[in-house]
Amino acid sequence: MQLSRFTQTVVMPIYNYGSINIDHVYRVPHLVRPGETLSSQDYQQVLGGKGANQSIALARAGSEVLHIGRYNLADQALVHTLIDAGVSPIYLATVTEPSGHAIIQVDDQGENSIILYAGANHSFTPDQLVCCLQTAQAGDWLLLQNECSCTQEMIELAAARGLQLAFNPAPMQAAVKELPLERLAVLFVNQVEVCQLLDLPLEPPPALADLVALLQTRWPTTLVVITLGAQGAASIYQGQLEFVPALPVQVVDTTGAGDTFTGYFLHAWMQGQPLRTALERAVKASALCVQRVGASSSIPYAAEVDAFEQ
Ligand SMILES: Nc1ncnc2c1ncn2[C@@H]1O[C@H](COP(=O)(O)OP(=O)(O)OP(=O)(O)O)[C@@H](O)[C@H]1O
C-alpha cells in the first residue's frame, strides 16, 4: 500500500538516473573565434552534469540519493565527489567509453560557450535498466534528466513498477515531446522548455496564468514546476498556480541554480511539505547558489539554507 505523501515521516530514498560529466573549464579573454588559437588564462576540471549536480543538491538538502550513472575509470577521482557529497553509488558503473564531458569557455564578461559530449552517459541500453532498479520499491522516487540514453524506456519501466517520477527535460530536444510525460509526478521546466513543450512562441513569454489551463489539460495529474531565473519560480498543480519571487541577491554565477532548485524542491516535496513551502525552500537554496562561483561546489548545505536571512 502506498502511503499518502502527507503521512510520510521518514526520509524516502530517491533514485537518480543521472548524467555524470567532467567539466573542463577554460577562462579566456574572449570566446574563441573560427580559425583562432587562443591561450587560456586558467583551467579547471570539475565534476558536472545535470544528473550529478542534482544528486548532490538532493543529498545536501537531506535526501538519501541512489545514483545510477556511468563514467570512464580514468575519472574515478572526480566522480568520487558524488560519494563525498553523501550520494550512494547504487549502480555507478565504469565503461570503456570516455566519460561524458563538457568543454566550457568562460570569458571576462562571464559569457560562456559549451561543447557537450554524452560519452558514457549514452552507453546505457534498454536491457540494462531492469538491473538498475532491482532494489526499488513501488512508491520510491526516480529522478531523470535528458542527458542519458534510454530515457523513454526508463520512464516506462519505472512507471510500470509503481515508482514516482520526476523529470527535468534538459537539454530540451524535439524527442522529449514524444515521451510519456503523463506518467510523471513532477515535471521541472524553465520558461523556454515549457514553451517548447507546449508549442508556444518564446516571445513574448506566456503569462503564467495562461499556462494553467493548458498544463491542466495536457498533464492533469502532473505537478509542473517552472523556474523563471531572476524572476523566481512557479508551480501549476491541480489547476492552481503558485508563484514565489526570486530573492534579491548579488549574482556572481548562475551555473547550477536550476539543479540546486530541483534538488531542494524535490526533497521538500517528497517529505510532504506544502507546495508553497517547497518552492520557497528551493528559491532560497538557489539564491545562495547564484552568489557563488562554480556548479556542484556552489550548491548549499541544508544548514546554510536554514541560516540564510534576507
Ligand atoms: N538572478 C537571480 N537572482 C536570484 N535567484 C535566481 C537568479 N537566477 C536564478 N535564480 C534562482 O534559481 C532558480 C533556477 O534558475 P533558472 O531558472 O535560471 O534555472 P534553469 O534555467 O532551470 O536551469 P539551468 O540554467 O541550470 O538550465 C530560479 O527559479 C531562481 O529561484
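What you see is a predicted model; the values in this text were computed from it and never measured. Sequence order sets the numbering: in each chain, residues are counted from 1 along the sequence as written. Only residues with pLDDT of at least 70 get local features here, since the model is predicted, and only at 80 or more are side-chain atom pairs given and counted; chain-wide, interface and lining totals rely on the full set of residues. Hydrogen atoms and water are omitted, and side-chain values are computed over all heavy atoms in the structure.

What's the story with the UniProt feature "binding site: ATP" (unreviewed entry) in the chain in this structure? I'm lost.
UniProt positions are given in the numbering used here, feature names are shortened, and annotations may be inferred rather than shown by experiment. Mapped onto the present numbering, the UniProt feature "binding site: ATP" (unreviewed entry) falls on Asn190, Thr227, Leu228, Gly229, Ala230, Gln231, Gly232, Gly258 and Asp259. Each helix is a run of H or I in the DSSP string that is no shorter than four residues. Each strand is a run of E no shorter than two, and both are numbered from the N terminus. Mapped onto the elements, Gly229 comes out in the loop between strand E11 (223–227) and strand E12 (232–237). Along the chain, Asp259 falls in helix H7 (residues 257–270). Any pair of residues with heavy atoms lying within 4.5 Å of one another is described as a contacting pair. Dropping the residues within four chain positions of it, Asp259 is found in contact with Lys50, Asn53, Gln54, Ala57 and Asn168. Pairing of N or O atoms within 3.5 Å defines a polar contact, subject to two protein rules: one partner must be a possible hydrogen donor and the other a possible acceptor, and residues neighboring in sequence count only if both atoms are side-chain atoms. Engagement of the side chain of Asp259 in a polar contact is seen with the side chain of Gln54, the distance being 2.9 Å.

Can you walk me through the nonpolar core in this structure?
The nonpolar side chains of soluble globular proteins are, as a tendency, buried together. Grouped together as the largest cluster of nonpolar side chains are 47 residues, with contacts concentrated most on Trp141, Val186, Phe261, Phe265 and Leu266. Broken down by element, this core gets its largest block of residues, 8 residues, from helix H8 (residues 275–289). Apart from residues no more than four positions distant in its own chain, Trp141 is found in contact with Met12, Pro13, Ile14, Tyr15, Gln164, Leu165, Ala166, Ala185, Val186, Leu266, Trp269 and Met270. By nonpolar core is meant a set of buried Ala, Val, Leu, Ile, Met, Phe, Trp, Tyr and Cys residues that side-chain atoms within 4.5 Å join together. Each residue is placed in one exposure class: buried if its accessible area under a 1.4 Å probe, protein chains only, is under 20% of its type's maximum, exposed if it is over 50%, and partly exposed if it falls in between. Membership of the second largest hydrophobic core comes to 39 residues, among which are Leu144, Leu208, Leu228 and Ile236.

Would you mind showing me how to read the environment of Met270 here?
Here Met270 is to be found in helix H7. Overall, Met270 belongs to the buried group, its relative accessible area being 4%. Here the alpha-carbon distance between Met270 and Leu179, two residues 91 residues apart in the chain, equals 23 Å.

Can you walk me through unusual backbone geometry in this structure?
Backbone geometry follows two general trends: most residues other than glycine have a negative phi, and most peptide bonds adopt the trans configuration. Here the bond from Ala170 into Pro171 is cis, since omega is -5°, no more than 30 degrees from zero. Its place among the elements puts Pro171 in the loop between strand E9 (164–168) and strand E10 (186–190). The omega torsion across Glu203 and Pro204 is -10°, close enough to zero to call that bond cis. Mapped onto the elements of the fold, Pro204 is located in the loop between helix H5 (191–198) and helix H6 (208–218). Positioned with a positive phi, Cys150 is a non-glycine residue whose angle comes to about 65°. Residues other than glycine seldom take positive phi values, yet Asp199 does so here, at roughly 55°.

Help me understand the sheet that holds strand E1 (residues 13–17), please; the structure alone is not making it clear to me.
Sheet strands line up and pair through hydrogen bonds in the backbone, either parallel or antiparallel. Strand pairing is defined by DSSP finding a minimum of two bridges between the two strands. Taken in spatial order, the 9 strands of this open sheet run E5-E4-E1-E8-E9-E10-E11-E12-E13, and their pairing is mixed. Bordering the open sheet on either side are strand E5 (88–95) and strand E13 (240–245), each of which pairs with just one other strand. On average, each strand axis in the sheet is inclined to that of its neighbour by 15°, with strand direction left out of account. Docked against the sheet, helix H2 (residues 76–84) engages strand E4 (64–72) and E5, running at close to 165° with respect to E5. Angular values range over 0 to 180 degrees, each being the angle between N-to-C directions of two axes fitted as lines to C-alpha atoms, with helices fitted over their stretch in contact.

Please explain the packing of aromatic side chains as it appears in this structure.
By convention here, two paired aromatic rings are described through the distance between centres and the angle between planes. Centres within 6.5 Å are what make two rings of Phe, Tyr or Trp a pair, Trp counting through its six-membered ring; a difference in plane orientation under 30 degrees is then read as stacked, over 60 as edge-to-face, and the rest as tilted. Per the counting criterion, the structure on display carries 6 aromatic pairs. Counting every residue linked through ring pairs, the aromatic cluster contains Phe188, Tyr237, Phe261, Phe265 and Trp269. By the criterion adopted, a ring carries a charge over it if an Arg CZ or a Lys NZ lies within 6 Å of its centre and within 35 degrees of its normal. Its guanidinium or amino end placed over the ring of Phe124, Arg70 lies 4.6 Å from that ring's centre, counting from NZ or CZ.

Help me understand the pairing of E4, please; the structure alone is not making it clear to me.
Looking along a regular strand, one sees side chains alternate from face to face of the sheet. Among the 9 residues in E4, 8 count as buried, and that is most of the element. As paired elements, E1 and E4 share 5 bridges and run parallel to each other. The partner of Tyr17 across the bridge, within E4, is Ile68. For the segment spanning E4, H2 and E5, crossover handedness is right-handed. Note on handedness: a clockwise path from strand one over the helix to strand two, with the strands aimed away from the viewer, defines a right-handed crossover.

I keep staring at the confidence of the model for the chain and nothing clicks. Help me out?
As a note on interpretation, predicted positions should not be read in detail where pLDDT is low. Per-residue confidence for the chain gives a mean pLDDT of 93, with 96% of residues at or over 70. pLDDT measures how confident the predictor is about each residue, on a scale from 0 to 100. For the stretch residues 1–8, pLDDT sits under 50, and the model shows 10 contacts to residues farther than four places along the chain or on other chains.

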